[in-house]
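# Commentary on secondary and tertiary structure
Here's the letter readout for the chains.
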Amino acid sequence: MINSTKDFEEFTYDLPVAWRVLITSRISIGNARIISLEPLKEKHALHLARTYLSKRNRKNLPEEVLKNLVSKCYNNPLAIRLSIDLYLTGKEIPESITVANKEIASFSYSNLIDALSDNSVNILEALFISDNNNRITLCEMLSLSLEEIVESIAQLSNTSLINRTTSEGGEIYSLSESIRELLVTTPRNIHLREKLLDDLKRRKAITKKIEHEQRQNSIPPYHWDYIPNNLNENLIPFIKDVNKSFKGMSIPSKSKAIKLMNKCRDMDHLYSEVSIFNRSYGRVASSLNASPIAITKFKKSLQLDPSDINSSIFLAMHYHNNGDYSLAYDIYKILMKEGWCNEDEYVPEFTQRIYNGYYLALLFDLRYTEIIEQSKKWKDLKHSRGIVGVFRATALKRMAEDFIQKDPNKSMSLLSRAMRTLNDVIRVDGYIKQACEQTKSVFNELAAILKTPVYKENKVFSNEALEFIAGHLNNITPYVKIGSDDEITKLIRRLSTIDMPKNPFTSFSIPKHVQSDLYNPIDEEYALQKGLEIVQISNIPKSKDGKDTPLYIFAKKDNTDYYLRYEFLKNGGYAEWFNLKQGDSIAIRPLKEQPKGKSHLASEIYLL
């Protein structure tokens, strides 16, 4: 009847019309009229006790003893039978009644459990391990769908095995004390119980660790890695996993991103009404370029919790990455208006993130004039001063590019402002990465236009440009790479040949760990086949301060000396040139016509 309702219904249809079916059951039966049985009266209970004793071929007990037994058993037929059985085995009446009541409860419980589905039994085990749970928690603990949980809860609700209470978050389920005691001695799925207990310990340990780390690292609630401690314990490890998988807005491992996406889909029916879950879902979808899903989830997160600042930031970042710069700008503008850039209230990393997003959206949307207008008071800022100053310098440079041909004076004026702005940023904030990157960009712009007579012949501008380059060239290279194809490299080569006192461009160093794109060493055998000479470096001149290596070195083969200039290096860049040391072998092609009485020159130089 329980496991095959259809067969039972077909059976009843075959019965004569006048017949009625009486079913005894501890759970409700659909489409049936319930007839509740009243407890036995005392005289009927006494009659049952005497009849049972008689069938057991035992003498009647004294009337007072029998009445006491029946009363203690609350006239329950099964309890009376068990009490008499226990009394006949030698136990005293009071003891037998106590044992009988326990056994009838256990007997009734066992019979009832046998009639339940496996999922319903597993829910009891889950509630035994962790009481007062809602449907979502049970889904997560037992890896069951919400539909399966609902079906099993409906079955359990027709019994007295679980208690249900209603709260704002939905129904909460728990076990009664008597059922909990029975589960202690008669577990129905001991392997599941052990697994659930291990999972519970693991989740609690993770939760405690996260709380400790957040306190230890002073992670504020508005940080995008912050995890509230009032979340479902089953959700917390997932949010942690999502957070640590990200580098900015992307997940470096594609397989990890896909795995998280599948997990999001599986969990969506459980946590679709939890703001931080939707935010995390949106981040994962965004990393996989699933734009419609990402936008939907970010907006759902904000709908559930309008104060979730990071859902707004992630949505703006997603818009920006998709090329919707004006939509990103609109969000950042609102955040700034709401005071999220208050440097006295929020940590530098947070306020800089919003300023960066705001000005980056304007920059990509080619709204340079607005950047200049909005950044007028950039010097008044504290922690974000440098970032905003760099955006201002970038906008000035971009505007200057539009006037290079049609209005050189306007272009020079804007570039001068950009240089002065970067000088101020570096003076106060140091060589921050953004400043170094933009300084290199300005270098290349200056190097390109200084080829043109109108710019080169303007002494004020050209001197300012060369001073700017000379002042920052060596300091930015630890943070940005300057390659042989950069315009600034070509300019340095030209400038280093100028015969002038204290020429700042005759020496220039780059960190040794930076490798040139041109680096492509050849072996000696190949060099000899190509008619090259193998020489050894004999002398590397040093500048007066002993720190810089010049753009020329000396080499020797047998009794011939060679004067080698960097500009003739064919298969490497500055980094490799400055890594050369005395005694190293290199390949050269000597000039066919050599000057008399001087070191020989080479038209080609190759690294081995």
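Residues numbered from 1 in each chain as written. Predicted model: local features only at pLDDT ≥ 70, side-chain atom pairs only at ≥ 80, totals over all residues. Heavy atoms only, no water.

This part covers the overall build of the chain. Secondary structure summary: the chain contains 26 helices and seven strands in total. In the chain, which comprises 608 residues, the share counted as buried stands at 44%. Put simply, of all contacts in the chain between residues at least 6 apart along the chain, 61% involve residues at least 24 apart. Accessible surface for the chain amounts to roughly 33500 Å². Of this, 50% is attributable to carbon and sulfur atoms. (Helix = DSSP H or I, 4+ residues; strand = E, 2+ residues; numbered from the N terminus. Buried < 20%, exposed > 50% of the residue type's maximum accessible area, 1.4 Å probe, protein only. Contact = heavy atoms within 4.5 Å. Areas by Shrake-Rupley, 256 points an atom, 1.4 Å probe, with all protein chains shown as cover.)

Here helix α11 (residues 236-245) lies mainly inside the structure; seven of its ten residues are buried. On its buried face, α11 is in contact with α10 (190-216), α12 (254-271) and α13 (275-287).

With that settled, the discussion passes to the pattern of salt bridges. Opposite charge on two side chains permits pairing when their charged atoms draw close. Following the criterion strictly, the structure yields 28 salt bridges and no others. The partner of D241 in a salt bridge is K256, with the nearest N and O atoms 3.0 Å apart. With a gap of 15 residues between them, D241 in helix α11 and K256 in helix α12 connect regions that are remote in the sequence. In this structure K256 comes out as partly exposed when scored by relative accessible area, which is 23%. Ionic pairing is found between E373 and K376, a salt bridge with its closest N-O pair at 3.1 Å. Residue E373 is classed as partly exposed on the basis of its relative accessible area, which comes to 44%. The class for K376 is exposed, based on a relative accessible area of 53%. Three or more residues are tied together by salt bridges with common partners; here these are K379, R385, D424, R427 and D429. (Salt bridge = Lys/Arg side-chain N within 4 Å of Asp/Glu carboxyl O.)

Under the definition given, this model contains 20 aromatic pairs. With a centroid separation of 5.9 Å and 50° between ring planes, the pair formed by Y271 and F277 is classed as tilted. By the ring-pair criterion, three or more aromatic residues cluster together here, those being Y222, W340, Y346 and F350. Over the ring of W224 we find R283; its NZ or CZ atom is 5.8 Å from the centre of that ring. Of note, K410 hangs over the ring of F403, and the distance from its end group to the ring centre comes to 5.9 Å. (Phe/Tyr/Trp six-rings, centres within 6.5 Å; stacked < 30°, edge-to-face > 60°. Lys NZ or Arg CZ within 6 Å of the ring centre and 35° of its normal.)

Within helix α3 (residues 63-72) the residues assigned to the buried category are L66, L69 and V70. For α3, the arc enclosing every buried residue in end-on projection is 95°, short of the 170-degree limit, so these residues lie on one face. Looking one or two residues beyond α3, the residue adopting positive phi is Y74, at roughly 55°. (Arc of directions from axis to C-beta.)

Together, L22, I35 and L37 make up a nonpolar patch on the protein surface, roughly 400 Å² of accessible area in all. With respect to the helices, strands and loops of the structure, L22 is situated in the loop between α1 (5-13) and α2 (42-55). Overall, L22 belongs to the exposed group, its relative accessible area being 74%. (Patch = residues over 30% accessible without salt bridge, like charges linked within 9 Å, V, L, I, M, F, W, Y side chains within 5 Å.)

What follows concerns the side chain of S416. Residue placement: S416 occurs in helix α20 (residues 408-429). A relative accessible area of 10% places S416 in the buried class. Once residues lying within four places of it in the same chain are set aside, the contact partners of S416 are F461 and E464.

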